[in-house]
Amino acid sequence: MNDAQERSYAEAAALALAHEMQADERVVVLGEDVGRGGIFGQYKGLQERFGSSRVIDTPISEAAIMGAGVGMALAGLKPVVEMRVVDFALCGMDELVNQAAKNRYMFGGQGRVPLVARMPGGIWDASAAQHSQSLEAWFAHLPGVAVVCPATPQDNFSLLRAALACGDPVVYIEHKTLWGMRGAVDESLAVPLGRAARVRRGDALTLVSWSRQLRVCQEACEQLAAEGIGVDLIDLRTLWPWDRETVLESCARTGRLLVVHEAIQAAGFGAEIAATAAEATGCRVARLGAPRIPVGYAPVLEAESRIDAAAVAAAARRLVG
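Rules behind the numbers
Residues numbered from 1 in each chain as written. Predicted model: local features only at pLDDT ≥ 70, side-chain atom pairs only at ≥ 80, totals over all residues. Heavy atoms only, no water. Pairing = 2+ DSSP bridges. Helix = DSSP H or I, 4+ residues; strand = E, 2+ residues; numbered from the N terminus. Axes fitted to C-alpha atoms, helices over the stretch in contact; angles between N-to-C directions. Core = buried A, V, L, I, M, F, W, Y, C linked by side-chain atoms within 4.5 Å. Buried < 20%, exposed > 50% of the residue type's maximum accessible area, 1.4 Å probe, protein only. Contact = heavy atoms within 4.5 Å. Lys, Arg positive; Asp, Glu negative; His and termini not counted. Salt bridge = Lys/Arg side-chain N within 4 Å of Asp/Glu carboxyl O. Phe/Tyr/Trp six-rings, centres within 6.5 Å; stacked < 30°, edge-to-face > 60°. Expected span 1.5 Å × (residues − 1).

### Focus: the sheet that holds strand 13 (residues 256-264)
The sheet built from five strands is open, its strands ordered 9-11-10-13-14 with mixed pairing. In the strand order of this sheet, the two ends are held by strand 9 (197-200) and strand 14 (284-290), each with one partner. Here the average twist between neighbouring strands, direction ignored, is 25 degrees. By the bridge criterion, three bridges tie strand 9 to strand 11 (residues 231-235) in an arrangement that is antiparallel.

### Thoughts on the nonpolar core
It is characteristic of soluble globular proteins that their nonpolar side chains tend to be buried jointly. Membership of the largest hydrophobic core comes to 42 residues, with the highest contact counts inside it found for Met119, Phe139, Leu236 and Ile273. For this core, the secondary-structure elements that each account for two or more residues are helix 3 (62-74), helix 4 (86-89), helix 5 (93-100), helix 7 (136-140), helix 10 (244-254), strand 13 and helix 11 (269-281). With four residues, helix 3 is the single largest residue contributor to this core. If near-sequence neighbours (up to four positions away) are discounted, Phe139 is found in contact with Val86, Met93, Leu96, Met119, Val145, Val147, Val171 and Ile173. Leu15, Val34, Phe157 and Val170 belong to the second-largest nonpolar core, a separate cluster that totals 27 residues.

### Brief notes about the sheet that holds strand 7 (residues 170-172)
The seven strands lie next to each other as 3-2-4-5-7-6-12, forming an open sheet whose pairing is mixed. At either margin of the open sheet sits one strand with a lone partner, and together these are strand 3 (55-57) and strand 12 (238-240). Pairwise comparison of adjacent strand axes, ignoring direction, gives a mean angle of 20 degrees for this sheet. In this structure, strand 6 (residues 146-148) lies alongside strand 12, joined through two bridges in antiparallel fashion. Among the inter-strand pairings, Val147 is bridged to a residue of strand 12, identified as Trp240.

### Quick look at the side chain of Asp186
Residue placement: Asp186 occurs in the loop between strand 8 (182-185) and strand 9. Arg161 provides the closest opposite charge to the buried, unpaired Asp186, separated from it by 8.7 Å.

### Overview of the packing of aromatic side chains
For the coordinates displayed, the defined rule picks out five aromatic pairs. A centroid spacing of 5.5 Å and a plane angle of 55 degrees characterise the contact between Phe40 and Trp124, whose relative ring orientation is tilted. Note that Phe40 is positioned in the loop between strand 2 (27-31) and helix 2 (46-50) and Trp124 in the loop between strand 5 (116-118) and helix 7, a separation of 84 residues in sequence. Note on Phe40: relative accessible area 15%, which makes it buried. Trp124 gets classed as partly exposed once you look at its relative accessible area, which sits at 25%. Geometrically, the ring pair formed by Trp242 and Phe269 is edge-to-face, given 6.4 Å between the ring centres and 90 degrees between the ring planes. Linking Trp242 in the loop between strand 12 and helix 10 with Phe269 in helix 11, this pair joins segments that are 27 residues apart in sequence.

### Some words on helix 8 (residues 153-165)
The first and last C-alpha atoms of helix 8 sit 19 Å apart over 13 residues, in line with the 18 Å expected at 1.5 Å per residue. Of all 13 residues making up helix 8, eleven are buried, and the element is well covered by its neighbours. For helix 8, every residue scored as buried is listed here: Pro153, Gln154, Asp155, Asn156, Phe157, Ser158, Leu159, Leu160, Ala162, Ala163 and Leu164. One or two positions beyond helix 8, positive phi appears at Gly167, with a value near 90 degrees.

### Quick look at the pattern of salt bridges
Evaluated as defined, the whole model comprises 23 salt bridges. Two residues, Glu32 and Arg84, come together in a salt bridge whose shortest N-O distance is 3.5 Å. Here Glu32 is found in the loop between strand 2 and helix 2, whereas its partner Arg84 is found in the loop between strand 4 (78-82) and helix 4, with 52 residues between them in sequence. Residue Glu32 is classed as buried on the basis of its relative accessible area of 9%. Under the relative-accessibility criterion, Arg84 is labelled buried at 18%. The shortest N-O distance in the salt bridge between Glu222 and Arg200 comes to 2.9 Å. Of the two residues, Glu222 is situated in helix 9 (residues 213-226) and Arg200 in strand 9; the sequence distance between them amounts to 22 residues. We classify Glu222 as exposed; its relative accessible area is 52%. Its relative accessible area of 26% is what places Arg200 among the partly exposed residues. When salt bridges that share partners are traced, they join Arg198, Asp203, Asp232, Glu249 and Arg253 into one network.

### A short note on unusual backbone geometry
Note the cis peptide between Trp240 and Pro241, where omega equals -5 degrees. With respect to the helices and strands, the residue Pro241 is situated in the loop between strand 12 and helix 10. Even without being a glycine, Ala126 presents a positive backbone phi close to 55 degrees. Relative to the helices and strands, Ala126 is located in the loop between strand 5 and helix 7. Its relative accessible area of 46% is what places Ala126 among the partly exposed residues. A positive phi angle, near 70 degrees, is found at Ala128, a position not held by glycine. Summarising the element assignment, Ala128 is placed in the loop between strand 5 and helix 7.

The following block contains the structure:
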């Protein structure tokens, strides 16, 4: 990367918003605690720079926040709607599902909802079942929205800017435990929605993942490489639209696909990828996700919902065996 600086995942997001708010006065932020920088620091310094009329603290009502965001978008603004965590967004589902997602279709394109709904997802350490859900498949199933799951500071910078340029509602799911993750961020690098990243190349099997689980898969790939198993690791980055071309090209070449996600395996988005790849290429497929249980509060119970590197490596060995 050229002129890249190391930043945290949270700093990258705040920087992306600062760029967009400086360039376009229609970009506004609304949600609980955004004025003080957000609970993860993802809005740090923005209210001081752009004022409380553009970084708007709201009452504790997700339905009101999402509904106000939809109205702002229909009136010509480009709102960033903060839901704090994806679990709380369930209180604003009607406004998102029945209003934001469907408006463009139902009114023949006369209305557009260029809204970015930020919904931090995934297992939040020691936060139990109501604060640790991975619900990206719900939104991928919803016509009318894009779904983004950035795994790195660079992608959180570039994809947040791409989401604001999309012109349609975007469900933007950052992981609850990645905020302090640091990495190089090149402010000139554009990453379009719908394009995956090939993280490493190999010929033994294709491994597809996203969000925090990508880091687990990278660790597993190192274990497998030491055993002579070369993995083609793909970070999907955007779940809808998803990069079929990159995934299917890899599957056709390796003949094997393993999809890994933190979400519950049953009806997870990995099933869509696996079915598409099997239909298109005839490759062998396998999925690896969490068991269909609530995430426990006690560490020993929480661990039952996690997919670690050893489990990923074992699933890969079974697939190539």
